[in-house]
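Examining the three-dimensional arrangement
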Amino acid sequence: MTASGVLYHPVTVFGMSMFAGWLLYLFGKALAPASRAVGGKLKTYACGENVEASSFPTAYHLFHAAFIFTLLDVVALVLGTTPGHAFVWLAGSYLVVGLVAIVILFKD
């Protein structure tokens, strides 16, 4: 393997990116002033209200809509970029599997 092959390998690029991000983090940490606990400075901001963290329930009611949108988007992207010489049955089966997944999600 050549030097450029090693340098441009995805694992090497990922490692170098993580190292560069870590250096950027250290640089920002060195420039930032020291944090002091003054009043409510370190508390979570809730539009001026003094609320406890336990009073916010976790809600995943939009998860199904986001997941259906993602399925539709991926199916449209795959079918839209399918080359003309591809197998028709393969694209059709992908469409059927995607529609079955969407129907299953709508049943919930």
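Above this text sits the structure in question.
Everything numeric here is computed off the predicted structure, so don't read it as measured data.

How two helices pack is summed up by the angle between their axes together with the distance between the axes. At a minimum axis distance of 10 Å, the contact between helix α3 (residues 63–80) and helix α4 (residues 88–107) shows a crossing angle of 170°. As the angle between them shows, α3 and α4 are arranged roughly antiparallel. Facing α3, whose interface residues are H64, F67, I68, L71, L72, V74, V75, V78 and L79, α4 presents A91, Y94, L95, G98, A101, I102, L105 and F106. Looking at the contact of α3 with α4 residue by residue, the class counts come to 15 nonpolar, two polar and no charged.

Scanning the model with the defined rule gives two aromatic pairs in all. Aromatic side chains F19 and W22 sit 5.9 Å apart centroid to centroid with 40° between the ring planes, which places their arrangement in the tilted category. One end of the pair, F19, and the other, W22, are both in helix α2 (residues 10–31), three residues apart, so they sit about a helical turn from each other. With relative accessibility at 47%, the residue F19 sits in the partly exposed group.

A contiguous nonpolar surface patch, about 540 Å² in accessible area, is contributed by F19, W22, L23, Y25 and L26. Topologically, L26 is positioned in helix α2.

Calculation rules
Residues numbered from 1 in each chain as written. Predicted model: local features only at pLDDT ≥ 70, side-chain atom pairs only at ≥ 80, totals over all residues. Heavy atoms only, no water. Axes fitted to C-alpha atoms, helices over the stretch in contact; angles between N-to-C directions. Helix = DSSP H or I, 4+ residues; strand = E, 2+ residues; numbered from the N terminus. Parallel < 35°, antiparallel > 145°, perpendicular 65-115°, else oblique. Contact = heavy atoms within 4.5 Å. Nonpolar A, V, L, I, M, F, W, Y, C, P; charged D, E, K, R; others polar. Phe/Tyr/Trp six-rings, centres within 6.5 Å; stacked < 30°, edge-to-face > 60°. Buried < 20%, exposed > 50% of the residue type's maximum accessible area, 1.4 Å probe, protein only. Patch = residues over 30% accessible without salt bridge, like charges linked within 9 Å, V, L, I, M, F, W, Y side chains within 5 Å. Areas by Shrake-Rupley, 256 points an atom, 1.4 Å probe, with all protein chains shown as cover. Salt bridge = Lys/Arg side-chain N within 4 Å of Asp/Glu carboxyl O.

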